[in-house]
Amino acid sequence: MESLLVSSAETMPLFSSLPKPFSATIPRISNQAFSPHRRSFSIAAVQMNSKEAKLWGGRFEESTTDAVEKFTESISFDKALYKHDIMGSRAHASMLARQGLITDDDRDKILKGLDEIGGRIERGEFAWRTDREDVHMNIEAALTDLVGEPAKKLHTARSRNDQVCTDFRLWCRDAIDAIVLRIKHLQVALVNLALKNEGLIVPGYTHLQRAQPVLLAHLLLAYVEQLERDAGRLLDCRVRMNFCPLGACALAGTGLPIDRFMTSEALGFSAPMRNRDTTDNDSLLVALDTEPLIFMNRVVLFYLLTHNALSDRDFVLEFLSANSITAIHLSRLGEEWVLWASEEFGFLIPSDSVSTGSSIMPQKKNPDPMELVRGKSARVIGDLVSLLVLCKGLPHAYNRDLQEDKEPVFDSVKTIMGMLEVSAEFAENVTFNQERIRNALPAGHLDATTLADYLVKKEIPFRTSHDIVGRAVALCVSRNCLLQDLSLDELRSISVTFDKDVYEFLGVENAIKNFSSYGSTGSECVSNQLDYWVTKLDISRKREG
């Protein structure tokens, strides 16, 4: 079943059902279409001279004040859930009919009406009304206007509490698919960049000081590995998220004979949210820790389960946590590339197409996209913190505070997708200044650790080897020369263990050749790593030259 994230005043779709597995040719998807509504944005709302009676207004004698209505509305942002709200209502109506709670004729009228409403929204013809509070009430009231009495039966055995939880899980599920797709796109860009620069040695740094020589491809693949873990966290989150709260109603379930398994299956969930002892499939993940409850009766178990289905937002906390870790990885990539693009390093040259200038300094060429990647990571982390604080003091079952969970999630998703897209764009439009890098390699005695390894191979204890090489480095510092410039006699004056084969370990090229451990920066090791990622991402391996 197709499912789209939507945004903007025209409710433009962001993405449709995503292909699996991912291919190497990953389409560009514009981020312009993804801009979930904020309260500060204007919406197309019908201004009413007299207020419409609320669908929940039977016990009230007074209408809400304008200030309360304005403060409590959420349609300005949660209309982004419209596609998923209609999906949930279609599944619910079909289930009600099969269970005999509504007639087939009622179901058909409801489904036809929902299709009409969906079409109006997609065409920009639907009038969102703030007096109808949220996406659910807007669609239900519009459905009632269209089909009359059958629409009033749609909310049978359903509350807005379980309705919004269902919509939100569906939306987040699709968002994860979209983010993972963009992660793969960035991975492909980084692997291609590594292939273009295969064999290029760069200084490796610890504490921002010269440490050891590394192959540039090895460094780039480190980011690819990080991104793979990021994708894994999101997909793990998706598994735990993919359980259906629909049918939990307000908090305790219902006495009506609904079929939660039917609606769960129709919406592509793994199962209804449930306790482990209600199923024979122990492999299913559940959103409830059941161990303290296994001796209680089944009624209490279901009561607590439906409580949990509606009151917890751990699925979005986990989602935004995964986004935040991804943002930190992208921020570190951005920091490194901003440094490397500076005149002090000069290792990386962004093309004009991914650079900006200065309004006052004509000579400037700034790697602004990666600076903003670094900066926007704070925003993604802030969205997570907002939700953590929102949830920390809530009593069980639904509380209106949870209305505030949408905007941080919408913002986190929009931001992380933009960060991933521009990082891939940047990676596709940079070159490395190989001459500048080669000229920079001699400084810092990058081969010192390899020289210590040489002594270890001569059966000198490592701590002793470390001391010997340290004295050799001190001699080079005093003479302003490199380790490979020391004569054999000078080396033997420090330790008689040195022999003429020592020069096979000195210099950055020899240092790289002598790396051999699994996962190291040795040429063969890195070539194997590249082969792995080329195969995994289905990339056509093209070497420069």
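Quantities reported herein were computed from a predicted structural model and do not represent experimental measurements.

Conventions and cut-offs
Residues numbered from 1 in each chain as written. Predicted model: local features only at pLDDT ≥ 70, side-chain atom pairs only at ≥ 80, totals over all residues. Heavy atoms only, no water. Helix = DSSP H or I, 4+ residues; strand = E, 2+ residues; numbered from the N terminus. Buried < 20%, exposed > 50% of the residue type's maximum accessible area, 1.4 Å probe, protein only. Contact = heavy atoms within 4.5 Å. Areas by Shrake-Rupley, 256 points an atom, 1.4 Å probe, with all protein chains shown as cover. Patch = residues over 30% accessible without salt bridge, like charges linked within 9 Å, V, L, I, M, F, W, Y side chains within 5 Å. Salt bridge = Lys/Arg side-chain N within 4 Å of Asp/Glu carboxyl O. Lys, Arg positive; Asp, Glu negative; His and termini not counted. Polar contact = N/O pair within 3.5 Å; in protein donor to acceptor, adjacent residues only side chain to side chain. Expected span 1.5 Å × (residues − 1). Pairing = 2+ DSSP bridges. Core = buried A, V, L, I, M, F, W, Y, C linked by side-chain atoms within 4.5 Å. pLDDT = per-residue confidence, 0-100. Phe/Tyr/Trp six-rings, centres within 6.5 Å; stacked < 30°, edge-to-face > 60°. Lys NZ or Arg CZ within 6 Å of the ring centre and 35° of its normal. Axes fitted to C-alpha atoms, helices over the stretch in contact; angles between N-to-C directions. Parallel < 35°, antiparallel > 145°, perpendicular 65-115°, else oblique. Left-handed = near helix turned anticlockwise from the far one by under 90°. Nonpolar A, V, L, I, M, F, W, Y, C, P; charged D, E, K, R; others polar. Disulfide = S-S within 2.5 Å.

Asker: Explain the overall build of the chain residue by residue, including any values.
Answerer: Across its full length, the chain holds 18 helices and eight strands. Taken over 545 residues, the chain has a buried fraction of 50%. Taking as baseline every contact in the chain between residues at least 6 positions apart, the subset at least 24 positions apart corresponds to 75%. With the model as given, the accessible surface of the chain reaches about 25800 Å², and the carbon-plus-sulfur share is 52%.

Asker: So what's going on with a nonpolar patch on the surface? Residues and values would help.
Answerer: On the surface, a cluster of nonpolar side chains totalling about 390 Å² of accessible area is made up of Ile328, Ile381, Val385, Leu388 and Val389. The biggest single contributor to the nonpolar patch is helix H11 (residues 368-391), with four residues. Positionally, isoleucine 328 belongs in helix H10 (residues 314-340).

Asker: I'd like a rundown of the side chain of aspartate 447, residues and numbers included.
Answerer: With respect to the element layout, aspartate 447 can be found in the loop between helix H13 (434-440) and helix H14 (448-457). Buried aspartate 447, no salt bridge; nearest opposite-charge side chain is arginine 210, N-O distance 10 Å. Among the polar contacts listed, one links the side chain of aspartate 447 to the backbone nitrogen of glycine 507, at a separation of 2.7 Å. Contacts of aspartate 447, omitting those with residues within four sequence positions, involve Leu483, Gln484, Phe505, Leu506, Gly507 and Ala511.

Asker: So, helix H5 (residues 135-147): which residues are in play, and what are the values?
Answerer: Three- or four-residue spacings in an α-helix give side chains the same orientation, since the helix completes a turn every 3.6 residues. Between its terminal C-alpha atoms H5 stretches 18 Å, which fits the 18 Å expected from 13 residues at 1.5 Å a residue. Where H5 starts, the residue carrying a side-chain oxygen 3.1 Å from the main-chain nitrogen of histidine 136 turns out to be aspartate 134.

Asker: I'd like a description of the pairing of strand E3 (residues 201-206), backed by residues and values.
Answerer: Where E3 and strand E4 (residues 209-215) come together, five bridges link them in antiparallel fashion. Note that in E4 the partner of threonine 206 across the bridge is glutamine 209. Counting the residues in the hairpin turn of E3 and E4 gives two residues, including histidine 207, whose phi is positive at 60°.

Asker: Got a sec to walk through the nonpolar core? Specific residues and values, please.
Answerer: Of all hydrophobic cores here, the largest spans 106 residues; its most connected members are Cys172, Ile179, Leu190, Val191, Phe319, Trp337 and Val409. With 17 residues, helix H6 (residues 160-196) is the largest single contributor of residues to this core. Sequence-distant contacts of tryptophan 337, defined by excluding residues within four places in its chain, comprise Leu190, Leu193, Leu220, Leu348, Met370, Ser423, Phe426 and Ala427. Residues Ala452, Ile460, Cys481 and Phe498 belong to the second largest nonpolar core, which totals 21 residues.

Asker: Please set out the confidence of the model for the chain residue by residue, giving values where relevant.
Answerer: Mean pLDDT for the chain: 83, with 81% of residues reaching 70 or above. Per-residue pLDDT stays below 50 along residues 1-49; that stretch engages in 124 contacts with residues further than four places along the chain or on separate chains. Here residues 275-307 scores under 50 on pLDDT; set against residues more than four positions off or in separate chains, the count is 44 contacts.

Asker: How would you summarise the packing of aromatic side chains if you had to cite specific residues and measurements?
Answerer: As enumerated under the stated definition, the model contains twelve aromatic pairs in all. Ring geometry for tryptophan 340 against phenylalanine 432: centres 6.2 Å apart, planes inclined by 85°, an arrangement best described as edge-to-face. Taken together, the positions of tryptophan 340 in helix H10 and phenylalanine 432 in strand E8 (residues 430-432) put the pair 92 residues apart, joining distant regions of the chain. For phenylalanine 432, a relative accessible area of 7% puts it in the buried group. Ring pairing ties together the aromatic residues Tyr205, Trp340, Phe345, Phe347 and Phe432, which thus form one cluster. One Lys or Arg, arginine 173, reaches over the ring of phenylalanine 269 and ends 5.1 Å from the middle of that ring. Stacked on the ring of phenylalanine 168, the Lys or Arg lysine 406 has its end atom at 5.1 Å from the ring centre.

Asker: Describe in detail the packing of H10 against H11, supporting the description with residues and values.
Answerer: Two elements in contact, H10 and H11, have axes separated by 8 Å at closest approach and are oriented at 160°. In terms of orientation, H10 and H11 fall into the roughly antiparallel class. In the packing of H10 onto H11, the handedness of the crossing is left-handed. A per-class count over the contact of H10 with H11 returns 16 nonpolar, six polar and four charged.

Asker: An account of unusual backbone geometry is needed here, citing residue identities and associated values.
Answerer: In this model, alanine 157 sits at a positive phi of 60°, which is unusual for a non-glycine residue. Within the secondary structure layout, alanine 157 lies in the loop between H5 and H6. According to the relative accessible area criterion, alanine 157 is buried, its value standing at 10%. The backbone phi angle of leucine 208 is positive, close to 60°, even though this residue is not glycine. As for its placement among the helices and strands, leucine 208 is situated in the loop between E3 and E4. Of the residues examined, leucine 208 reaches a relative accessible area of 58% and is grouped as exposed.

Asker: Outline the state of the cysteines, listing residues and values.
Answerer: Counting across every chain of the model gives zero disulfides. No disulfide involves cysteine 172; its sulfur sits 7.9 Å from the nearest other cysteine sulfur, which is in cysteine 237. Of the residues examined, cysteine 172 reaches a relative accessible area of 0% and is grouped as buried. Cysteine 476 takes part in no disulfide bond, and the closest cysteine sulfur, belonging to cysteine 481, lies 4.0 Å away. Residue classification places cysteine 476 among the buried positions, given a relative accessible area of 1%.

Asker: Lay out the environment of phenylalanine 347 with the relevant residues and their values.
Answerer: Turning to its location among the elements, phenylalanine 347 is positioned in the loop between H10 and strand E7 (348-350). The buried category is assigned to phenylalanine 347, whose relative accessible area is 2%. Separated by 86 residues in the primary sequence, phenylalanine 347 and asparagine 433 have C-alpha atoms spaced 5.1 Å apart. Leave out the neighbours within four places in its chain, and phenylalanine 347 touches Pro203, Tyr205, Trp340, Thr431, Phe432, Asn433, Arg436, Ile437 and Ala440.

Asker: Outline the side chain of aspartate 177, supporting the account with residue identities and numerical values.
Answerer: Topologically, aspartate 177 is positioned in helix H6. A distance of 2.9 Å separates a polar atom in the side chain of aspartate 177 from a polar atom in the side chain of arginine 238.

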